[in-house]
Amino acid sequence: MTAKGASLLQTVSGAALAGLARAVTGVRPIWAGSAPYGRQRIYFANHASHGDFILISTCLPFAERRRTAAVAGADYWNAGPIRRFISGRMLRTVLVERNWVERSADPMRVMLAALDAGQSLIFFPEGTRNMTEEPLLRFRSGLYNLATLRPDIELVPCWIENMSRVLPKGALLPVPLLCRVIFGAPLVPRAGEERKVFLDRARQALLALAPRKDGTR
């Protein structure tokens, strides 16, 4: 497939998935602390479903969606020709190898290359889907490394509501439920801030966006 054909396929696929996501979830973006004004960003979010990055992408304006790629595990998306086609041809996916023993490419180099090429990223700092009762797992160091190595790129927390119920683990078909994506204020790294302090602050910024049990924030 030519580069032009691949770009067209990604554009059409992105529009189709966005339309499907809106039809199934009625997804509504809540821009609580930031606005979609076109600056390069790293959107970091809670992660409980394979559909999470599609929901965030659906909430972005068309031009921003075209340059925004999800960071995903190569071990999952390279497992079989169908998944490889979806991640490599249909979606703008930045695949990283999570097995540090067997990997052939440094995940940080892969993500930095995408950022240096002008892409925005959708990033899940928990590192894997959260299948526990806790609202968030402990954040891994990747977000801190990206923030310190590319401090001029905005870090925007995004809370995804209900997607784990729309597409739970093992489900083949989505369950129609209303969803929201709440975009918070950009997180700014502080000079000399230690890794643990930054990650704790980022985790709290994301948790602060989660709706309370009474439905309010």
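Since we're looking at a predicted model, the values are computed, not measured.

Q: I tried to follow the overall build of the chain on my own but got confused; where do I start?
A: On a plain count of helices and strands, the chain comes out with nine helices and seven strands. Counting all 217 residues of the chain, 41% fall into the buried class. Accessible area of the chain: about 11500 Å², with a carbon and sulfur share of 57%.

Q: Can you help me understand the sheet that holds strand 4 (residues 93-96) in this one?
A: Backbone-to-backbone hydrogen bonds join strands into a sheet, with any given pair of strands oriented parallel or antiparallel. Judged by pairing direction, the sheet is mixed, and its seven strands sit side by side in the order 1-7-6-2-5-3-4 without closing on themselves. This sheet does not close on itself; its edge strands, each paired only once, are strand 1 (28-31) and strand 4. Strand-to-strand twist across the sheet, computed as the mean angle between neighbouring axes with direction ignored, equals 25°. Examined bridge by bridge, strand 2 (residues 41-45) and strand 5 (residues 120-123) share three bridges and lie parallel to one another. Directly across from Ile-42, in strand 5, lies its bridge partner Leu-121. Helix 2 (residues 52-59) rests against strand 1, strand 2, strand 3 (68-73), strand 5, strand 6 (154-161) and strand 7 (180-183) of the sheet, and its axis sits at about 70° to strand 7. Across the face of the sheet, helix 6 (residues 107-116) comes into contact with strand 2, strand 3, strand 4 and strand 5 while running at roughly 160° to strand 4.

Q: What am I meant to see in the pattern of salt bridges here?
A: Pairs may arise between side chains of opposite charge once their charged atoms sit close together. Under the counting rule described, the total for this entry stands at seven salt bridges. Across the salt bridge formed by Glu-154 and Arg-41, the nearest N and O atoms sit 2.8 Å from each other. One end of the pair, Glu-154, is in strand 6; the other, Arg-41, is in strand 2, with 113 residues separating them in the sequence. For the salt bridge of Glu-64 with Arg-67, the shortest nitrogen-to-oxygen distance reads 3.1 Å. Relative accessible area serves as the criterion here: at 23%, Arg-67 is assigned to the partly exposed category. By sharing partners, the salt bridges in this structure join Arg-39, Arg-41 and Glu-154 into a single network.

Cut-offs used in this document
- Residues numbered from 1 in each chain as written.
- Predicted model: local features only at pLDDT ≥ 70, side-chain atom pairs only at ≥ 80, totals over all residues.
- Heavy atoms only, no water.
- Helix = DSSP H or I, 4+ residues; strand = E, 2+ residues; numbered from the N terminus.
- Buried < 20%, exposed > 50% of the residue type's maximum accessible area, 1.4 Å probe, protein only.
- Areas by Shrake-Rupley, 256 points an atom, 1.4 Å probe, with all protein chains shown as cover.
- Pairing = 2+ DSSP bridges.
- Axes fitted to C-alpha atoms, helices over the stretch in contact; angles between N-to-C directions.
- Contact = heavy atoms within 4.5 Å.
- Salt bridge = Lys/Arg side-chain N within 4 Å of Asp/Glu carboxyl O.

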